Amino acid sequence: MPKTSAGEKVLNDLGYKLGQTLGEGSFSKVKAATSTKHKVPLAIKVVDRQRAPSAFLYKFLPRELSILRKIRHPNIVQILELIEVCNGKLYIVMEAAAFDLLQLLHEQGKLPCTPQARDIFAQIVGAVRYLHDRNLVHRDLKCENVLLTADSRRAKLTDFSFSKEVNVYPDMCTTFCGSAAYASPEVLTGIPYDGKKSDMWSLGVMLFVMVTGFMPFNDTHVRTLHKQQKKGVLYPEGAPPLPEPCKALIAQLLNFSAECRPGAGQVAKNCWLNGVN
Ligand code: ADP
Ligand code: MG
């Protein structure tokens, strides 16, 4: 019989049962779970404090937990309970999704430009607008961090590992966060940056991936990536033709100058997102 850890014993006592692994990060694993208390399918993010470096433990994790406790939005994954166990494990109990957006894209290649991509993107813009209105920045917006229901109709933003409160807007951020392929030019170059405008860039990358199935900028070297960003987005051969208003929105979000990018409130009113092709 497999050994039960001290943490799992505590979870079992609280009525939780862990199942298969849904996703894995450097210091955490997300597992499917069931519970006698919450009758819905659950996911539990198991954070191993003992494996984590101090920046994660004393800076990012406390921020993530404080932000998760504060936010509630239909397009942000709902946290149901936080369980701390003295063996260094932290369990973040949340509602379960069927898969993430990257998994859906791997299955489908790309999303037909409308209405599926538009609907999912509009929901994520709504979640980001909610955060930005509260002076919260996500800083790791990417397809893997968008969860979907089984029918792919409801999207929920997750993974607040790099999220931060920007007290006096525009409070500049300085930490390189998230993954390079989604990072704005200013994040890549390491200059102080406006977290909200960087989030808008990442949304542009996400939209491009959703409607074309390609990454807009793709290189393992940060300097080459930055050069590509400066030249502007190129639609690869084989990319499907897109409605002009959709391309215009991508160009606005992927504007090299942070101050020229629209805010989430403006994007929510965008004509393509509201039905113009
Ligand atoms: P990390 O900080 O390791 O990236 P995430 O919170 O992004 O952690 O979770 C990693 C992966 O686990 C996600 O990309 C997704 O595939 C899966 N996952 C996370 N939360 C859930 C959930 N609530 N329901 C289903 N799958 C999830
Ligand atoms: Mg993640």
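The name that an unreviewed UniProt entry assigns to the protein is Testis-specific serine/threonine-protein kinase 6, with the source organism given as Callipepla squamata. Under the UniProt heading Cofactor (unreviewed entry), the entry covering the protein gives this text: "Mg(2+)". The Function (unreviewed entry) comment attached to the protein in UniProt states, word for word, "Serine/threonine-protein kinase component of the sperm flagellar doublet microtubules. May act as a regulator of sperm motility by mediating phosphorylation of sperm doublet microtubule proteins. Plays a role in DNA condensation during postmeiotic chromatin remodeling and histone-to-protamine transition during spermatogenesis."

Undergrad: I tried to follow the nonpolar core on my own but got confused; where do I start?
TA: Side chains that are nonpolar tend, in soluble globular proteins, to be buried together. Counting residues in hydrophobic clusters, the biggest one holds 58 residues, and the most contacted among them are Ile44, Ile124, Leu203, Leu207, Met210, Val211 and Leu253. Excluding its chain neighbours within four sequence positions, the residues that come into contact with Leu253 are Met200, Trp201, Leu203, Gly204, Leu207 and Arg261.

Undergrad: Hey, could you run me through the site of ligand 1 in this one?
TA: Neighbouring ligand 1 are 18 residues; Gly23, Gly25, Val30, Ala43 and Asp159 lie closest to it. When contributions to the shell around ligand 1 are tallied by element, the ones reaching two or more residues are strand 1 (16-24), strand 2 (28-35) and strand 3 (42-48). Looking at the shell around ligand 1 residue by residue, the class counts come to eight nonpolar, six polar and four charged. The residues that make up the shell around ligand 1 include at least three from each of domain 1 (6-95) and domain 2 (99-274).

Cut-offs applied
- Residues numbered from 1 in each chain as written.
- Chains lettered and ligands numbered in written order.
- Predicted model: local features only at pLDDT ≥ 70, side-chain atom pairs only at ≥ 80, totals over all residues.
- UniProt positions renumbered as here; feature names shortened; annotations may be inferred.
- Core = buried A, V, L, I, M, F, W, Y, C linked by C-beta atoms within 7 Å.
- Buried ≥ 20, exposed ≤ 12 C-beta atoms within 10 Å, placed from the backbone.
- Contact = placed C-beta atoms within 7 Å.
- Near = placed C-beta within 6 Å.
- Helix = DSSP H or I, 4+ residues; strand = E, 2+ residues; numbered from the N terminus.
- Nonpolar A, V, L, I, M, F, W, Y, C, P; charged D, E, K, R; others polar.
- Domains from an automatic or database assignment.

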